[in-house]
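Given next are the chains, with one letter for each unit.
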Amino acid sequence: MSNKLRVLLTNDDGIDSPGIKALQEALKDKCDVYVLAPDSNRSAVSSHIVMNQPLSFRQYDSKTYACSGYPADCVIIALRSNLFGNVNFDAVISGINKGPNMGTDCVYSGTVAAARQAVLYGVPGIALSLKSKNDEYDYTELAAFAEKNLEKLISLSIPNLIVSVNSQCDKKSCGACLTTLCIRDYKDKVEIKNNNGVLQAVFCGGKISTMGPELNEYDAVKDGYIAVTRLYAEPVGYLDRDIKADFEL
């Protein structure tokens, strides 16, 4: 029996994306790699899952499938079905995403949602995302970083934390550091249009404004570092015992 780590790769950019292929290539010698990813782009779907209809698959080989569902679906199927037999995965790695997933992005990101779903099921979940200023992406360095630091990244996810890794590919990274989350304001707008009698809402993104505390991931990436951020998979509630629950019934 192989002593290699058993790793599931998934993403939200689709199985044909260069980011997941770069990860697969980087990890193939070190790990026992399985792939289950959406059959096309599923960006910004968060933790969307399909509940009321069957999902279909396209098989590439015994360890590689595309799925008609979403990133969270892929993780659920891999961890809770016999698609890959009785494999007990040591980690789920999601990405490498085309574009960063920082701070508020993590609410919407399908990439991060896949890692979250893994952690909710008790398996370390790692999300990898890449920023580019000129929209040209080279995933090689971040894939190599994941391979070299895989055991460390897995340990950072235990017991119930998502590990979100961001870097920028336009310049050589000067190091890696642990960071905290930033906050993003997307300046979104929605235009209402009448298209031949059909009322339509058209989403229009704005110029993103980013802020955050000291040692936040955005500033670290801007300064040339690979940013490693941990966030809770479970929602974190808030209870103020000084506020009286004087609700009316």
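Our structure's up above, just so we're on the same page.
None of the values given here were measured: they were computed from a predicted structure.

So, on to the sheet that holds strand E6 (residues 125–131). Read across the open sheet, the nine strands follow the order E3-E4-E2-E1-E5-E6-E7-E13-E8; overall the sheet is mixed. The sheet is open, and its two borders are formed by strand E3 (57–61) and strand E8 (175–179), each paired with just one other strand. Averaged over all pairs of adjacent strands, the angle between strand axes in this sheet comes to 20 degrees, irrespective of strand direction. For E6 and strand E7 (residues 161–168), the ladder comprises seven bridges, and the chain directions are parallel. Across the sheet, residue Ile126 finds its bridge partner in E7, namely Val163. Of the strands in this sheet, strand E1 (5–10), strand E2 (31–38), E3, strand E4 (64–67) and strand E5 (91–98) are in contact with helix H2 (residues 71–80), which crosses E2 at around 135 degrees.

Summarising burial for E5: seven of the eight residues are buried, a large majority. Two elements, E1 and E5, share four bridges in a ladder whose sense is parallel. Opposite Leu8, over in E5, you have Val92 as the bridge partner. Relative to E6, E5 runs parallel, the two being bridged by five bridges. The residue of E6 that forms the bridge with Ser94 is Ala127.

What follows covers the environment of Glu234. Examined against the element boundaries, Glu234 turns out to sit in the segment after strand E13 (225–232). Overall, Glu234 belongs to the partly exposed group, its relative accessible area being 46%. Residues Glu234 and Gly212 lie 22 residues apart in sequence; the distance between their C-alpha atoms is 22 Å.

Per the stated rule, a full pass over the model turns up seven aromatic pairs. Arranged with centres 5.4 Å apart and planes meeting at 90 degrees, the rings of Tyr34 and Phe89 form a pair that is edge-to-face. With Tyr34 in strand E2 and Phe89 in the loop between H2 and E5, this residue pair connects regions lying 55 residues apart in the sequence. Owing to a relative accessible area of 8%, Tyr34 belongs among the buried residues under this scheme. With 5.9 Å between their ring centres and 75 degrees between their planes, Tyr108 and Tyr186 make a pair best called edge-to-face. In this pair, Tyr108 is assigned in helix H3 (residues 105–108) and Tyr186 in the loop between strand E9 (183–185) and strand E10 (189–195), connecting sequence segments 78 residues apart. Overall, the relative accessible area of 45% leaves Tyr108 in the partly exposed class. Assessed through its relative accessible area of 16%, Tyr186 is described here as buried. An aromatic cluster of at least three residues, connected via ring pairs, comprises Tyr34, Phe57, Tyr65, Phe84 and Phe89. In this structure, Lys63 is placed above the aromatic ring of Tyr34, and the distance from its NZ or CZ to the ring centre is 5.1 Å. Here the basic side chain of Arg80 rests over the ring of Tyr121, its NZ or CZ set 3.6 Å away from the ring centre.

A grouping of Val190, Ile192, Leu199 and Phe203 is seen on the molecular surface, where their side chains present a nonpolar patch of about 470 Å² in accessible area. Secondary-structure elements contributing two or more residues to the nonpolar patch are E10 and strand E11 (198–204). Taking the relative accessible area as the measure of exposure, Leu199 reaches 65% and is therefore exposed.

The next thing to look at is the state of the cysteines. Counted by the stated rule, this structure contains zero disulfides. This cysteine, Cys106, is not joined by any disulfide, and Cys182 carries the nearest cysteine sulfur, 8.0 Å off. Overall, Cys106 belongs to the buried group, its relative accessible area being 3%. This cysteine, Cys177, is not joined by any disulfide, and Cys174 carries the nearest cysteine sulfur, 8.2 Å off.

Rules used in this analysis
Residues numbered from 1 in each chain as written. Predicted model: local features only at pLDDT ≥ 70, side-chain atom pairs only at ≥ 80, totals over all residues. Heavy atoms only, no water. Pairing = 2+ DSSP bridges. Helix = DSSP H or I, 4+ residues; strand = E, 2+ residues; numbered from the N terminus. Axes fitted to C-alpha atoms, helices over the stretch in contact; angles between N-to-C directions. Contact = heavy atoms within 4.5 Å. Buried < 20%, exposed > 50% of the residue type's maximum accessible area, 1.4 Å probe, protein only. Phe/Tyr/Trp six-rings, centres within 6.5 Å; stacked < 30°, edge-to-face > 60°. Lys NZ or Arg CZ within 6 Å of the ring centre and 35° of its normal. Patch = residues over 30% accessible without salt bridge, like charges linked within 9 Å, V, L, I, M, F, W, Y side chains within 5 Å. Areas by Shrake-Rupley, 256 points an atom, 1.4 Å probe, with all protein chains shown as cover. Salt bridge = Lys/Arg side-chain N within 4 Å of Asp/Glu carboxyl O. Disulfide = S-S within 2.5 Å.

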